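Now for the letters of each chain:
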Amino acid sequence: MKLISKYFNLLIITLLITSCSSDDSVSIDEQKPTISINYSEGFPQACEQLVKGETYIFKAQLTDNKALASYSLDLHNNFDHHTHDDQGEVCDLEPIKDAINPLIYMENFNIEGGLTTYEINISITIPDDIDTGDYHCSYSVTDETGWQSRTSVDIKIVE
Amino acid sequence: MLHRILSLWLCFSLSSTVFAQNSFQIKGSIVNSNTLQPIEGANIIGESLYAISSPTGTFTINNVAEGTYSFTISHLGYASKTITIKVGPNMEELKILLDESTIALNEIEVNGKTKKRVNKESPVVSHVVTKEFLANNRENSLMQTLSKIPGVSTIKIGSGQSKPVIRGLGFNRVAVVQNGIKHEAQQWGNDHGLEIDQYGIENIQIVKGPASLVYGSDAIAGVVDIQPNAIPLMHSFSGEVNLLGESNNDLLGVSAGVQARSHNWFYRGRLTYRDYGDYKVPTDQINYENYIFTLHDNNLRNTAGKEANASFSLGYVSDHITSETTISNVNAKNGFFANAHGLEVRTSRIDYDNSNRDIDLPYHKVNHFKISNNTSIALDNHTIQLDLGFQNNLREEHSEPTPHGYMPTPPNTKERGFHKNTFSLNVKDAFKPNDKHNLVTGVNVEFQDNTLSGWGFLIPEYTRFTVGAFAFDQYEINSDLHLLAGVRYDFGQINSKSYFDWYPSTINNTNGSTSYVYLQRAQDKTLDFGNVSASVGLSYILNHTTFKINAGKSFRIPLPNELASDGVNYHMYRYEKGNLNLDPEESYQLDIDIDHTTKNFSIGVSPFVNFFENFIYLNPTSNYYETLQIYEYTQSKVFRAGGELRASTSIINNLDLNASAEYVYSRQTSGPKEGFTIPFSPPLSGLFSASYQFKDVFFFKQPQLSADYRITAAQDEIVPPEEQTNGYQVLTMSLLTQLNLYKTMNPLEVKLKLNNVFNTKYYDHTSFYRLIDVPEAGRNISIALTQTF
């Protein structure tokens, strides 16, 4: 009996010590924003061919449960086949080659006003003096909490 | 034919008889003439003959030719004796009685305390890991072996590398100390291991709580203190060979160590080599951010590695001085998962699936050279401990050269090279003015010089100097009540060096023009840090129960990457930005430990409450730099609480049952991620172990079967960019036995282990590869053989 009461005391002490945690109910944002080009106006679609000198409107749809913060667009060459897109499509890649004067487009944009939906709308004229070939188009988006989503697609720039 | 065999047999038996007649065996035992207790370690020295008595006092000398011999038998504390014997047929076993030394001591007071008792009396909440535990639980890396201890876990990177995590805090918040010298290998980020050979370690003390008082900066969450091995017995030579084979990653490992001692001098040496292939995961494909990677034969491609370690030490021991100088080198090459190195998705023309043993790009190479001297001098009531150390780390990260942003295709594969030299000096004096006090004072000095190479930039070159002084007193209020109180001051200075990109970036100016600039990534900067740490604790022993309470303040000087990073981390596909205004982290912690142990039963609980004034972590912001998300080093207040429960019983003969549970609650209470937890928070987890000791069967001695069943809850507490992790249950079985192959040799120790018995697909929340949705390793059968001699 004495033994039992001793263990019981130990248990009580244990419970007292471990039960002090409280749950503060600061609501936190645990959802990532979404990004999609899978709708009729989404641009570019997988394996899209962009012609030099032409102007295109790059479009993607963004959503978030709380507030969107920024997005970016990155166009860079895939002459070395370093990665592929995440759209599940397999585009025919040209032979591997060295870059001479590739197109580099890297821009970041802010979304003001704490919107929960937004459509990216960027107008880009493909310069005439750049290398043609396989390119990558990567979109990314963050929300105000710092969650990020990305999507990327294989495209081609042609004469 | 029969004739031939018969004659051959005759020839052999005759010659062996002849041989037997010519050589004899001397057998005997040495006992104390007064108490008749056996004397271990006595020297039996004759002309060209030599033996040492065993723990039972016996000795054997083989192959002695017939004749008359004289021996001298000596042992410290006994008068030497010389005897003359006739060696021949029908010899009787000798019994030699030694008289205790004639140096008359009227009164001897023995004040020895067992290690267990010393630990009970110390208010510091710590856990002692024995060689036996390490041998029985050995996993692929030292920290994976230790993660069975409640409150200890690891951050894993692949199969062979891991970093210590104590109660959810890791990286530079846990100091790893080897032979008294802080092991400097943690500064460069999270994708590399500990650089310590896990073989040949006998004793580790794990402090689960703030320990800056003795260990200085970095010991803010705890310490893994790998203690020097015991000095070998006088006139002894021993050694062991360990062999290890694993099925999951086709690992083959061999380690061999020897140690010997003459009278005063001793040496130890060890060589270890491990070579392993890609490890297997129980899945055919990995799904990460819409990308799907199919795996060939379940191999996580390019995670093979190899490791070669060597160490040698030479020591001298006498009544007042013990000194040992150790030189060690750890060399490793490890591949990284090829499809998503860090967070970046890559395809490659390298034929990774051609072989599961080759190490292709990306990989890293590490070399850690260390030389240390530990000297302890015992004067009247002072014990002075001197530790001197030099460490040289070389680390190279290689990856396929790829242009990124404005960076053109780099000229070679060497993305980053780090070259770091660290000099350490510790001086400690333990002063026992009387039985009640043990006053320890000490100074730690460390200087670090880090230089860089390679085309990637993440942290600048820097030098770091730290000096700290401490004093603490362990006061025995009465034999069951002990108080420990101490204070420490540290000063640190970091000099970061400037760095400019090796390629120009395009800058669009506000006036419409474009310029091409070699961007500056780091500045020349000198930063000073000062900090006070302190600790006070009580330990009370009441029969079988030990109560400990300890309150402490610890600190950590920010790392150069936390202060001055400014660059693209290609592996993590993000832009990392340091903050020169970071203060040293300060943490306050209250620890309690209650342990109740009787002969057949033990239960313990060790809760803690912890508060960080300014926890440093890498915060994902909502901003971009050159289309990569900016992660910024930020400080916030953090509250943490949790603890461990443990219980064990051996009430049924031969059956040991163990249960333990660990839990940590963490909350950021300020800053941009207020309300979130901190990164890599371990989930609630419990471990149930049972081991049964069988009777000897045939030549299997002491077979022991054990099962470990780990149940881990889901981790819903996350902070960007982490993902929630489901709970899991995983079973590990092992069989330990000894084989008596040769009568004259020590038994061969055999360990058969089956990890992840059911080939369960599960994710470990604190695994680095969890970030890219790579599950833990699948079923693994391993065989470990240890032969001591």
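A brief structural summary. Owing to the predicted nature of the structure, the values given are computational and were not obtained by experimental measurement.

### Quick word on the overall build of chain A
Tallying secondary structure elements over chain A gives one helix and eight strands in all. Reading the secondary structure of chain A in the N-to-C direction produces α-β-β-β-β-β-β-β-β. Restricting to contacts in chain A with at least 6 residues of sequence separation, those with at least 24 account for 79%. When the accessible surface of chain A is totalled, it reaches about 8,200 Å², and 53% of it is carbon and sulfur.

### Examining the sheet that holds strand β6 (residues 117-125) of chain A
Each strand in a sheet pairs with its neighbour through backbone hydrogen bonds, running either in the same direction (parallel) or in the opposite one (antiparallel). All names here are of chain A. Taken together, three strands build an open sheet; the order of strands is β1-β3-β6 and the sheet is antiparallel. Among the strands making up the open sheet, the edge pair consists of β1 (34-36) and β6. Ignoring strand direction, the axes of neighbouring strands in this sheet form an average angle of 25°. Bridge count between β1 and strand β3 (residues 55-63): three bridges; the pairing is antiparallel. Considered in β3, the bridge of S36 is made with Q61.

### Regarding the state of the cysteines
What we call a disulfide is simply a covalent bond connecting the sulfur atoms of a pair of cysteines. Residue and element names in this part refer to chain A. As enumerated under the stated definition, the model contains one disulfide over all chains in all. Each sulfur of the disulfide joining C47 and C91 lies 2.0 Å from the other. On the sign convention where negative is left-handed, the bridge of C47 and C91, at about -80° about the S-S bond, is left-handed. Of this pair, C47 sits in the loop between β1 and β2 (48-51) while C91 is found in the loop between β4 (68-77) and β5 (105-110), placing the two residues 44 residues apart along the sequence. Classification of C47 by relative accessible area gives partly exposed; the value is 29%. C91 gets classed as buried once you look at its relative accessible area, which sits at 12%.

### Points about the packing of aromatic side chains
One pass over the structure, following the stated rule, counts 22 aromatic pairs over all chains. Here F79 of chain A and Y135 of chain A contribute two aromatic rings whose centre-to-centre distance is 5.4 Å and whose plane-to-plane angle is 80°, an arrangement assigned as edge-to-face. A residue pair is termed long-range when its members are at least 10 positions apart, and F79 of chain A in the loop between β4 and β5 and Y135 of chain A in strand β7 (residues 133-143) qualify at 56 residues. Per residue, the accessibility class of F79 of chain A equals that of Y135 of chain A, and both read buried. Measuring from centroid to centroid gives 6.2 Å for F171 of chain B and F680 of chain B, while their planes differ by 65°, and the two rings are edge-to-face. Within this pair, whereas F171 of chain B is found in the loop between β10 (161-166) and β11 (174-178), its partner F680 of chain B is found in the loop between β41 (655-668) and β42 (685-693), the two being separated by 509 residues in sequence. The rings of F43, Y56 and F58 of chain A are connected pair by pair, giving a single aromatic cluster. The ring of Y363 of chain B has K333 of chain B lying over it, and the distance from NZ or CZ to the ring centre is 4.5 Å. A cation over an aromatic ring shows up here: R770 of chain B above the ring of Y763 of chain B, its NZ or CZ 4.9 Å from the ring centre.

### So, the interface of chain A and chain B
Note on interface size: it is often stated as the accessible area lost on association of the parts. Facing 45 residues of chain A, the contacting portion of chain B comprises 47 residues. Here chain A and chain B share an interface that buries about 3,800 Å² over both sides, 56% of which is from carbon and sulfur atoms. Of all residues in chain A, M106, W147 and R150 of chain A give up the largest surface area on contact with chain B, accounting jointly for 16% of the area buried on that side. Joining chain A to chain B, the criterion identifies one salt bridge. Inspection of the chain A/chain B interface yields twelve residue pairs in polar contact (both at pLDDT 80 or more). Listed by contribution, the elements that provide at least two residues to the side of chain A that touches chain B are α1 (2-18), β4, β5, β7 and β8 (148-158) of chain A.

### Overview of the environment of C137 of chain A
Residues and elements named next belong to chain A. Considering the arrangement of structural elements, one finds C137 in strand β7. Residue classification places C137 among the buried residues on the basis of a relative accessible area of 0%. Along the backbone, C137 and K156 are 19 residues apart, and their C-alpha atoms lie at a distance of 9.7 Å. Among residues more than four places away in sequence, those in contact with C137 are P44, F58, L73, D74, L75, T151, S152, V153 and I155.

### Looking at the sheet that holds strand β4 (residues 58-65) of chain B
All names here are of chain B. Here we have three strands laid out as an open sheet, ordered β4-β1-β7, and mixed in their pairing. The open sheet has two edge strands with one neighbour each: β4 and β7 (94-98). Averaged over neighbouring strand pairs, the angle between their axes works out to 30° when direction is ignored. In this structure, strand β1 (residues 23-32) lies alongside β7, joined through five bridges in parallel fashion. If you follow S29 over to β7, its bridge partner there is K95.

### Thoughts on the pattern of salt bridges
Residues and elements named next belong to chain B. Counted according to the given criterion, the structure contains 33 salt bridges over all chains. R117 is the salt-bridge partner of D480, the closest N and O atoms lying 3.3 Å from each other. Here D480 is found in the loop between β28 (462-478) and β29 (481-496), whereas its partner R117 is found in helix α2 (residues 115-121), with 363 residues between them in sequence. With a closest N to O distance of 3.8 Å, E396 and K365 form a salt bridge. With E396 in strand β25 (residues 382-398) and K365 in strand β24 (residues 363-378), this residue pair connects regions lying 31 residues apart in the sequence. Relative accessible area serves as the criterion here: at 37%, K365 is assigned to the partly exposed category.

So, how was this worked out
- Residues numbered from 1 in each chain as written.
- Chains lettered and ligands numbered in written order.
- Predicted model: local features only at pLDDT ≥ 70, side-chain atom pairs only at ≥ 80, totals over all residues.
- Heavy atoms only, no water.
- Helix = DSSP H or I, 4+ residues; strand = E, 2+ residues; numbered from the N terminus.
- Contact = heavy atoms within 4.5 Å.
- Areas by Shrake-Rupley, 256 points an atom, 1.4 Å probe, with all protein chains shown as cover.
- Pairing = 2+ DSSP bridges.
- Axes fitted to C-alpha atoms, helices over the stretch in contact; angles between N-to-C directions.
- Disulfide = S-S within 2.5 Å.
- Buried < 20%, exposed > 50% of the residue type's maximum accessible area, 1.4 Å probe, protein only.
- Phe/Tyr/Trp six-rings, centres within 6.5 Å; stacked < 30°, edge-to-face > 60°.
- Lys NZ or Arg CZ within 6 Å of the ring centre and 35° of its normal.
- Buried area = accessible area lost by both parts, 1.4 Å probe.
- Salt bridge = Lys/Arg side-chain N within 4 Å of Asp/Glu carboxyl O.
- Polar contact = N/O pair within 3.5 Å; in protein donor to acceptor, adjacent residues only side chain to side chain.

Geometry only, nothing functional implied.
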